[in-house]
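# Results of the structural survey
Take a look at the letters that make up each chain.
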Amino acid sequence: MENIADVIGKLEQEWGFHEEPRCLPCREKPTIIMIIDDDEGVLESLRYLLEKDYQVIACKSGREALMHLDDSICSVILDIRMEKMDGFEVFDKIKEKNPDIPVIFYTAFQGVYDPVVVWNKFRPFGYVTKGSGLSVLRDTLNAAVDYRQKLIENRRLISELRGLNRALEKKVAEKTRELERLVVTDGLTGIYNRRYFR
């Protein structure tokens with residue numbers, strides 16, 4: 001009987017995880033992702049395979065995931081079919097807390113849940129079926145993380161531009177007041193000129 005490390009090693013070879021990731025964005029801090037799946041085998045396998053590139057928070061239930069959910073998480077991989085709180089309910093609660101976190105549905109029950117209906121109703125970032133190859137999941141995850149990081153960077157830049165715009169407006173107002181004063185006074189003596197008395 002093969003041990004878990006050998007099985008995971010074979011899966012890495014088969015699905016291309018021995019290669020360097022193709023398009024992970026440059027980061028100063030490790031990027032945090034969350035995996036939510038009540039199947040401990042799937043959860044631990046994904047954690048093992050993805051923790052080389054990401055800091056992984058693995059949760060066995062939606063309730064546990066919602067306790068750990070915060071703005072530092074760049075993407076969520078979410079199983080649909082779970083006990084107590086299914087993936088759709090967890091998705092809604094994640095979006096209530098933070099509508100900008102990209103959520104990827106990862107399910108083995110594509111026959112039960114029509115992907116088109118799921119897309120139209122929930123608008124997830126991605127819908128990946130278990131068994132379609134982990135390279136598909138990894139590519140979708142990389143795109144989701146890149147999207148989230150660009151969104152955060154765009155918001156930072158917009159905030160910075162607003163601050164610069166306020167500073168510029170203040171400086172323009174000061175210069176305008178100075179010009180208005182200079183127009184009605186003599187530049188040499190500072191005494192009001194004829195324009196002041198019109």
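Only a predicted model underlies this, so the values are computations on that prediction, with no experimental measurement involved.

### So, the pairing of strand β2 (residues 55-59)
In this sheet, β2 lies alongside strand β1 (residues 32-36) in parallel orientation, the contact comprising five bridges. Looking at the pairing, Ile32 lines up with Gln55 of β2. This β-α-β element, β1 to helix α2 (residues 40-50) to β2, shows right-handed connectivity.

### Focus: the environment of Leu46
Mapped onto the elements, Leu46 comes out in helix α2. For Leu46 and Leu134, which are 88 residues apart along the polypeptide, the C-alpha to C-alpha distance reads 8.8 Å. Contact partners of Leu46, with chain neighbours within four places excluded, come to Ile35, Tyr106, Leu134 and Leu137.

### Side note on unusual backbone geometry
Within the chain, Lys84 stands out as a residue other than glycine whose phi angle is a positive 65°. Along the polypeptide, Lys84 turns up in the loop between β3 (73-78) and α4 (87-97). In this model, Arg123 sits at a positive phi of 55°, which is unusual for a non-glycine residue. Within the fold, Arg123 resides in the loop between α5 (115-122) and β5 (126-129).

### What to know about the pairing of strand β4 (residues 103-107)
Burial within β4 is extensive, with five of its five residues counted as buried. Burial of the side chains of β4 extends over both faces: Val103, Phe105 and Thr107 are buried on one face and Ile104 and Tyr106 on the other. With three bridges connecting them, β3 and β4 associate as parallel partners. Across the sheet, residue Val76 finds its bridge partner in β4, namely Val103. The pairing of β4 with β5 spans four bridges and is parallel. From the neighbouring strand, Tyr106 faces β5, where its bridge partner is Val128.

The rules behind these values
Residues numbered from 1 in each chain as written. Predicted model: local features only at pLDDT ≥ 70, side-chain atom pairs only at ≥ 80, totals over all residues. Heavy atoms only, no water. Pairing = 2+ DSSP bridges. Helix = DSSP H or I, 4+ residues; strand = E, 2+ residues; numbered from the N terminus. Right-handed = clockwise from strand over helix to strand, strands pointing away. Contact = heavy atoms within 4.5 Å. Buried < 20%, exposed > 50% of the residue type's maximum accessible area, 1.4 Å probe, protein only.

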